[in-house]
4 protein chains.
Amino acid sequence: MAKSWTENRQDDLERRYRDVRHLTQTLATPLSDADATVQSMPDASPAKWHLAHVTWFFETFVLRDHVEGYQPFDPRYAFLFNSYYEAEGPRHARAMRGMLTRPSLDEVLAWRTHVDAAMVRALPMLPQAVRALVTLGLHHEQQHQELMLTDLLHLFSCNPMEPALFAAPAAAPVALPGPLHWIEGREGLVEIGHGGQSDFAFDCEGPRHKALLHPHALAHRPVTNGEWIAFIEDGGYGEASHWLSDGWAWVQAQGVDAPAYWKQGEQGWTRFGLDGRQPVNPAAPVTHISLYEADAYASWAGARLPTEAEWESAAQNVAPISGTQLDDATAPRPHAASDDANLTQMFGDVWEWTGSAYRPYPGFRAAPGAVGEYNGKFMSGQFVLRGGSCATPRGHVRASYRNFFYPHQRWQFTGLRLAKDL
Amino acid sequence: MAKSWTENRQDDLERRYRDVRHLTQTLATPLSDADATVQSMPDASPAKWHLAHVTWFFETFVLRDHVEGYQPFDPRYAFLFNSYYEAEGPRHARAMRGMLTRPSLDEVLAWRTHVDAAMVRALPMLPQAVRALVTLGLHHEQQHQELMLTDLLHLFSCNPMEPALFAAPAAAPVALPGPLHWIEGREGLVEIGHGGQSDFAFDCEGPRHKALLHPHALAHRPVTNGEWIAFIEDGGYGEASHWLSDGWAWVQAQGVDAPAYWKQGEQGWTRFGLDGRQPVNPAAPVTHISLYEADAYASWAGARLPTEAEWESAAQNVAPISGTQLDDATAPRPHAASDDANLTQMFGDVWEWTGSAYRPYPGFRAAPGAVGEYNGKFMSGQFVLRGGSCATPRGHVRASYRNFFYPHQRWQFTGLRLAKDL
Amino acid sequence: MAKSWTENRQDDLERRYRDVRHLTQTLATPLSDADATVQSMPDASPAKWHLAHVTWFFETFVLRDHVEGYQPFDPRYAFLFNSYYEAEGPRHARAMRGMLTRPSLDEVLAWRTHVDAAMVRALPMLPQAVRALVTLGLHHEQQHQELMLTDLLHLFSCNPMEPALFAAPAAAPVALPGPLHWIEGREGLVEIGHGGQSDFAFDCEGPRHKALLHPHALAHRPVTNGEWIAFIEDGGYGEASHWLSDGWAWVQAQGVDAPAYWKQGEQGWTRFGLDGRQPVNPAAPVTHISLYEADAYASWAGARLPTEAEWESAAQNVAPISGTQLDDATAPRPHAASDDANLTQMFGDVWEWTGSAYRPYPGFRAAPGAVGEYNGKFMSGQFVLRGGSCATPRGHVRASYRNFFYPHQRWQFTGLRLAKDL
Amino acid sequence: MAKSWTENRQDDLERRYRDVRHLTQTLATPLSDADATVQSMPDASPAKWHLAHVTWFFETFVLRDHVEGYQPFDPRYAFLFNSYYEAEGPRHARAMRGMLTRPSLDEVLAWRTHVDAAMVRALPMLPQAVRALVTLGLHHEQQHQELMLTDLLHLFSCNPMEPALFAAPAAAPVALPGPLHWIEGREGLVEIGHGGQSDFAFDCEGPRHKALLHPHALAHRPVTNGEWIAFIEDGGYGEASHWLSDGWAWVQAQGVDAPAYWKQGEQGWTRFGLDGRQPVNPAAPVTHISLYEADAYASWAGARLPTEAEWESAAQNVAPISGTQLDDATAPRPHAASDDANLTQMFGDVWEWTGSAYRPYPGFRAAPGAVGEYNGKFMSGQFVLRGGSCATPRGHVRASYRNFFYPHQRWQFTGLRLAKDL
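Thresholds applied
- Residues numbered from 1 in each chain as written.
- Chains lettered and ligands numbered in written order.
- Predicted model: local features only at pLDDT ≥ 70, side-chain atom pairs only at ≥ 80, totals over all residues.
- Heavy atoms only, no water.
- Least-squares fit on C-alpha atoms with pLDDT ≥ 70 in both.
- Contact = heavy atoms within 4.5 Å.
- Buried area = accessible area lost by both parts, 1.4 Å probe.
- Salt bridge = Lys/Arg side-chain N within 4 Å of Asp/Glu carboxyl O.
- Polar contact = N/O pair within 3.5 Å; in protein donor to acceptor, adjacent residues only side chain to side chain.
- Helix = DSSP H or I, 4+ residues; strand = E, 2+ residues; numbered from the N terminus.
- Nonpolar A, V, L, I, M, F, W, Y, C, P; charged D, E, K, R; others polar.
- Core = buried A, V, L, I, M, F, W, Y, C linked by side-chain atoms within 4.5 Å.
- Buried < 20%, exposed > 50% of the residue type's maximum accessible area, 1.4 Å probe, protein only.
- Pairing = 2+ DSSP bridges.
- Axes fitted to C-alpha atoms, helices over the stretch in contact; angles between N-to-C directions.
- Parallel < 35°, antiparallel > 145°, perpendicular 65-115°, else oblique.
- Disulfide = S-S within 2.5 Å.
- Arc of directions from axis to C-beta.
- pLDDT = per-residue confidence, 0-100.

Chemist: Looking at this structure, I do not really get the relation of the copies chain D and chain A. What am I missing?
Modeler: For the pair chain D and chain A, the relating rotation is 180°, the translation along its axis is 0.0 Å, and the fit reaches an RMSD of 0.0 Å. The two molecules are tied by a two-fold rotation axis, judged by turn and shift. The rotation axis passes nearest to the C-alpha of Ala34(D) in chain D, at a distance of 2.0 Å. Taken together, the interface assignments show that 100% of the residues at the interface of chain D recur at the interface of chain A, consistent with an identical surface on both copies.

Chemist: Hey, could you run me through the interface of chain C and chain B in this one?
Modeler: Where the parts come together, the accessible area they lose is often given as the size of the interface. Taken together, the contact pairs 29 residues of chain C with 29 residues of chain B. Summing the contributions of chain C and of chain B, the shared interface buries around 2300 Å²; its carbon and sulfur component is 66%. The largest per-residue losses of area from chain C upon contact with chain B belong to Met99(C), Arg102(C) and Met161(C), which jointly make up 31% of the total buried on that side. Counting across the chain C and chain B interface gives two salt bridges. Two residues, Arg102(C) and Asp35(B), come together in a salt bridge whose shortest N-O distance is 2.6 Å. On the surface where chain C and chain B come into contact, there are 10 residue pairs in polar contact (both at pLDDT 80 or more). When contributions to the side of chain C that touches chain B are tallied by element, the ones reaching two or more residues are helix H3 (77-81) and helix H5 (128-157) of chain C. For the side of chain C that touches chain B, the leading source of residues is H3(C), giving three residues.

Chemist: How do you make sense of the arrangement of the chains when you look at a structure like this?
Modeler: In this assembly chain A lies apart from chain C, the nearest approach of their C-alpha atoms being 14 Å. There is no contact between chain B and chain D; across them, the least C-alpha separation is 14 Å.

Chemist: How should the interface of chain D and chain A be read in this particular structure?
Modeler: Tallying the contact residues gives 29 residues for chain D and 29 residues for chain A. Contact with chain A buries surface across chain D, with Met99(D), Arg102(D) and Met161(D) losing the most and accounting together for 31% of the total. One can count two salt bridges joining chain D with chain A. Here chain D and chain A share 10 residue pairs in polar contact (both at pLDDT 80 or more) between them. Elements supplying a minimum of two residues to the side of chain D that touches chain A: helix H3 (77-81) and helix H5 (128-157) of chain D. In terms of residues, the side of chain D that touches chain A owes the most to one element, H3(D), which gives three residues. Within the side of chain D that touches chain A, the residues separate by chemical class into 17 nonpolar, eight polar and four charged.

Chemist: Help me understand the nonpolar core, please; the structure alone is not making it clear to me.
Modeler: Ranked by internal contacts, the top residues of the largest apolar core, which has 465 residues, are Trp228(A), Trp228(B), Trp228(C) and Trp228(D). Those residues in contact with Trp228(D) that sit more than four places away from it in its chain are Val223(D), Tyr237(D), Pro259(D), Trp262(D), Val286(D), Ile289(D), Glu293(D), Ala294(D), Tyr297(D) and Leu416(D).

Chemist: So what exactly am I meant to see when it comes to the sheet that holds strand S6 (residues 268-273) of chain C here?
Modeler: One key point about sheets: their strands pair by backbone hydrogen bonds, in either a parallel or an antiparallel sense. Residues and elements named next belong to chain C. Ordered by their spatial adjacency, three strands build an open sheet running S5-S6-S7, and the pairing between neighbours is antiparallel. Each edge of the open sheet is held by one strand with a lone partner, namely strand S5 (262-265) and strand S7 (276-279). Adjacent strand axes in the sheet meet at a mean angle of 35°, parallel and antiparallel pairs treated alike. Judged from the four bridges that link them, S6 and S7 form a sheet pairing that is antiparallel. Bridge pairing links Arg271 to Gln278 in S7. Along the sheet face, helix H6 (residues 225-233) touches S5 and S6 and points at about 70° away from the line of S5.

Chemist: In this structure, what is going on with the packing of H6(C) against helix H8 (residues 291-300) of chain C? I would like to understand it.
Modeler: Packed helices, taken two at a time, are described by their axes: the angle between them and the distance between them. All names here are of chain C. Interaxial distance between H6 and H8 falls to 11 Å at its minimum, and their mutual angle equals 80°. Considering the angle they form, H6 stands roughly perpendicular to H8. Across the interface between the two elements, Glu227, Trp228, Ala230 and Phe231 of H6 pack against Glu293, Ala294, Ala296, Tyr297 and Trp300 of H8. Tallied by class, the residues present in the contact of H6 with H8 amount to seven nonpolar, no polar and two charged.

Chemist: How should the side chain of Thr324(C) be read in this particular structure?
Modeler: Residue and element names in this part refer to chain C. Along the chain, the position of Thr324 falls in the loop between helix H9 (308-315) and strand S8 (351-357). Overall, Thr324 belongs to the buried group, its relative accessible area being 16%. Residues contacting Thr324, with those up to four places away along its chain left out, are Arg333, His335, Phe347, Gly348, Asp349, Ser389, Cys390 and Arg394.

Chemist: I would appreciate a short explanation of the state of the cysteines in the present structure.
Modeler: Here a disulfide denotes a covalent bond joining the sulfur atom of one cysteine to the sulfur atom of another. All names here are of chain B. Tallied over the entire structure, the rule returns zero disulfides over all chains. Lacking any disulfide linkage, Cys390 is separated from the closest cysteine sulfur, that of Cys158, by 19 Å. Residue class for Cys390 comes out buried when judged on its relative accessible area of 2%.

Chemist: What am I meant to see in helix H7 (residues 245-254) of chain B here?
Modeler: Residues and elements named next belong to chain B. Taken as a whole, H7 has its buried residues at Gly247, Trp248, Trp250 and Val251. Projected down its long axis, H7 shows its buried positions confined to an angular sector of 160°, all on one face. Seen from the buried face of H7, the exposed residues on the opposite side, beyond 90 degrees, are Gln252 and Ala253. Where H7 is buried, its residues meet helix H8 (291-300). One or two residues past the end of H7 sits Gly255, with phi positive at roughly 60°.

Chemist: I keep staring at the environment of Leu326(B) and nothing clicks. Help me out?
Modeler: Tracing the backbone through its elements, the reader meets Leu326(B) in the loop between helix H9 (308-315) and strand S8 (351-357). Distance from Leu326(B) to Gly395(B), taken between C-alpha atoms, is 9.2 Å for residues 69 residues apart in sequence.

Chemist: Any chance you could explain the confidence of the model for chain A here in plain terms?
Modeler: For any part of a model where pLDDT is low, the fine detail of the predicted coordinates should not be relied upon. Here chain A averages 93 in pLDDT, and 95% of its residues register 70 or above. Reported confidence for the predicted complex is 0.94 by ipTM and 0.95 by pTM.

Chemist: Looking at this structure, how should I read the environment of Ala341(A)?
Modeler: Residue and element names in this part refer to chain A. Inspection of the secondary structure assignment puts Ala341 in the loop between helix H9 (308-315) and strand S8 (351-357). On the basis of relative accessibility, which here comes to 57%, the residue Ala341 falls in the exposed class. Sequence-wise, Ala341 and His220 are 121 residues apart; in three dimensions their C-alpha atoms are separated by 7.5 Å. Those residues in contact with Ala341 that lie beyond four places of it in its chain are His181 and Ile183.

Chemist: In this structure, what is going on with the pattern of salt bridges? I would like to understand it.
Modeler: Two side chains that carry opposite charge are able to pair once their charged atoms sit near each other. Going through the model one piece at a time under the given rule, you end up with 84 salt bridges over all chains. A salt bridge links Glu191(A) to Arg208(A); the nearest nitrogen and oxygen atoms lie 3.1 Å apart. With Glu191(A) in strand S2 (residues 188-192) and Arg208(A) in the loop between S2 and strand S3 (209-213), the pair connects residues that are 17 residues apart, well separated along the chain. We classify Arg208(A) as partly exposed; its relative accessible area is 40%. For Arg398(C), the salt bridge goes to Glu205(C), with nearest N and O atoms at 2.6 Å. Here Arg398(C), found in the loop between strand S9 (383-386) and strand S10 (403-405), pairs with Glu205(C), found in the loop between strand S2 (188-192) and strand S3 (209-213); they are 193 residues apart in sequence, far enough to count as distant. For Arg398(C), a relative accessible area of 12% gives the class buried.

What follows is the structure in structure tokens.
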């Protein structure tokens, strides 16, 4: 006889718990203790910190709060591995995360094992509200899987030896895509945002609400590296009129003249990745660009960035598990688009900068308590990105998903898709 | 016989030119050469620079470009007093504006006289397109009138002697207002933005477009100093959960615990103004607060900031020349609201922070050329403020007017009006 | 009948008081209120501040402390114009001195008049110990005369119009000096330092003590601009091996490639001075160089800097009122050396960097009390300079005089004289 | 039959090579890969970097330059592990040393083994000039042994868990020393500096030269922790008059109120060390103080710091291998002095700040070439310390040895001995 829906769901959560936790573990496999410890900039965190912090989430909000008799693995870890939950008390300063040579990577992995054992024991007994916390914790861990990879990429890029964390795949022939074409979007009132009835979503994705779209079109695919090289060669980084004022100041202060990790040599442009230094693939979407760069490119191209409502409305018809996303422990790389009449690469490959500031939706309210600090407090100064990237764990992203970064940040797999008014 | 419409309009522009230029001159009357020269922070400019820069606008975009045979007063001034028009070539660095002890205040005033004479001669002959530039220049000058006052306020606040630029009015009895009440706003599709057919507006105010309002209400008046003191006394500046993450970092790094220019003494709170140090008036709207503070207050009060569409929709029924605005050379001060069933103090008194990031409207395109640099390039990282303040020259502001500052800035007369979802 | 010695001395002090105070006033004559108010960098002070601070010294340590019934001109000035005398209580922050647009230059000059009147009345009645304080105050004021000029030079150099404070003298024909030759110095035990019995000296110049000189020689004149250009043309600023490690870091961080105020144009090198921008005179001593530059030049030239004992021992035979020093309100400029068999330009023209760190002499003790803060507390991180410059008031400097600056500072008229081991 | 002197010397160098290299290896034994990789501040270097850099010295200046056919272990290491030898070409930026998670600690240790094997093979064949380079390399390595320990101490102090690298010894009873007494020093001409005929010395220790001592006395022992606590309790950190001006600015900017690594708890003062957090031993010399603190203490105590000539003259009669120095892989700790009529603890225990700026001796010339960059270029802004510390490898230090640090630095085992004028 078939299991009831509830039992199924229970199994689902356990399997999902094992899968997500296992992928994290797998990503850590090629890391040395040192790789896992160093923090290469204040924006990034050590891999060990990611491995620990996501574990702290389960130990604190599930095991400590809801499982009687649970003994924390080491009571000092709560201070070390809290991130920004003010309500959870004082914590180790963010910029000092790289000082924690102890506990070692092995000890953190042992902590993970300890927590996993307790979680797997506890899961079948947890009430629904706590199971929701577990689900939240798993999505939280998936976010950190992506950050762990991009933070490692930044760290390895600071090493003149440019080590490769993963083996590079065999080079494939490059098929340059045809020119981009425009796909008209919906006009008038649409519904966006997560409804919250079923399935998981972060608080900032809701409430579902009406939004008004003005006549517009989206490019059928993201901007490619080849197109970006044309922007460079046309002097795009040196012409103030393309740039936001803050962006122009940033370009000049930092001496920016290409996407992050790019270098120009005798053989042309190369880029550094978790598979080491490789030629730039002109057919693949450009990545590791800031909002400032994305906006300047759009201005140069006579276009603009999409709003998040335009993007989401268009994405509602696309399967979110499509595209190049993170499936296993290999080096993430955006792939070339196939030419197609329809929208392509909406999900995966590169996070797409939108022109929308990250602000609350109509009717948004932060949830009370420590977990409620989750997203609302970041709603100033950042821009929304949509669609996930090649480093986003498959199954994590959806049409309503709102990622956000400051306009100068570019160590994620960030790219852009053009939009225009009709 | 009555003058034709065109002649009237011509007279209007000339009268308006004289009025605006004269008010600027009047504001400068109490200034010493030194007062007019010093720059107290990179965000502010010296009064002399304001007096000169607005004059540079007319000399460059009107006299140089459109009046044959015009001789610039001093060809070196163009380099000194350009602000941020990249297309107009290199310019003196913003943070170094306070180094210009020469030309003297008197020389800058003589330049003004020179330009005014040429402008008054030229005005009747200018074609319509150039008259539009003159109008733009006058609105530009009105913006700088307000900045000149707020920059002087900041400068004088850095002097331990706390000099008063203007005499303080006699103290009036304080009548505390009753509690605020809520006024329901329009719901559904509304039209906002400037239509651009007639009357002046800055480019960023348009195009006029439909916007969607969700059910909401606005407070009938801004938050008062008395209410702000309650926030302080309730520990509002010390409780992380009220604050945006960037705001909390700012409060801690800067040691902020009250609005700018406030001090607590034995007689209670005082504030510094262009009329010197005076007691805080609990009945008047709070001012000199950052977006971070406005947002924290709203969060503490269980409310939120209005969006700019909500604000503009409500303001469309209010006369923009109402409220406390700048009429002559006296110290600007917000006045206490009278209790009223309707929206009060929508215009004047204090700039109201909205929760909207300063971004382009649907269909917005920057105008080409130097004047086109005007607004579009500032569209990242800033928030919109609405309604003008006690330091805004009367006649300058309107329902569609979009002011913008970074969320930490508070040297303008900035306050807030609460909003809530219904 | 001849006056007694004491009466003479009294007259001397009064005449000296009038002379010094009058020169200060004269130096201020060409200044506008704005010129006198602005602070161009934290190291420099506004001219108004100099004018006020030296007056504060007399008002505080003489009139307040020793003249009964003296009424301070304005009791708030003590806070504003104390410099670094911790024992005198809190004071206006150094980097904020340029914010004081009030009191005006005229008010400060009126304060000077008020204090001068009281001083001239009081002088005949003051006991010897207080007369010593007056003498200290006059030397203190002479120091500030020089700083006022060099601070104004820095300020005016920040103005793209490069105004000249004083008229430039007519250009004179340049007679290039012959090559420098070496003058052997004393060897063995010598006496240096100020004996303190008669005449004025700052505390750090004593006590007089024996010093041991090793076999050495000094160049008969300072290094010239012409020689410095040879250093530049030989790539001196680009070759790490010439430089102290801190100096090399400074050169690279600041992009230094010539003395301060130099610019290279089609007509060759020019320099900015209080007489505006003028051609570099190859025959005159180089000036506005840091210790780092002086040391790198010496290293490039196969020589070294003199120690202060070597310098002082040689200078004991030279008249300290010789050389180009400040006599009246004209633009200070070092003059070309005449070729001479003996040491030339030991006094005046340029301060000569020595290789000696500014540290206490054997037996040095700081005097107790506020005046005792005078010099001892600056004895870390700075190098000694000797001999005075073209901006040093004649009569102020002597063989034992120790000036001191940090090794990167170069806004004084600083140059160098080579030394070598024998 | 006895070996000839030359054979003996040969054996000596080989034995010394093995001993020094072995101690380094032993010190690294308790380190994890992460411990060895992280850089806790720009002043410090990762342990792995120390292990590699000293090896680079032998590989570059001995094996590459003087051993035919030597194959470098990895040609990329030269770029990574050069420190500041400009003549050896570009190098990895100092502040980025902590980014090098690869090569791993194991790989660096393998490099050491590779180089050691080649060195041991080569040593018997090397000509005398190259053997001198080997000796230089061994002293260089001993310097880095000490730095490795103090850098690790700083790193571990940044970890809130405060891990102990080495086991703490059993607590011993504290016997407070009696009051310090004064030992009169030599007066008149003395000889100091290294003669350079035999035995090793760094270039900056010579040439040997006459120095003039004025009447003075030295304290018979360093200042103790107990005495330092009296300074703290007397408000020493809060009274400006004790401090150098730069020191007072440092104390206030950094909030310094005790030696580094000290913390005050309910049980009194504790300090962090490589043996973890332990009670402060009032009988032991104070350590981890800056020159500013040492100078302020001396001023408070009515004394002064010794000059380096006074110190060296007194130390010439003391055995440099005496005192607490580094013998093996245990946590360095200064020991309590025994009461004694003579000078005690001149060597070992704590580096003693002198009042002498680090400047060249009369007749000093930097050696040409890359090795010649060794010391001369650091001769600005730093003060000399003498005598070695508990972390200095025994056999490394001598009477003429000149250590040097900037006046604010205090992560070494730095203390002070008082001096006074007689």
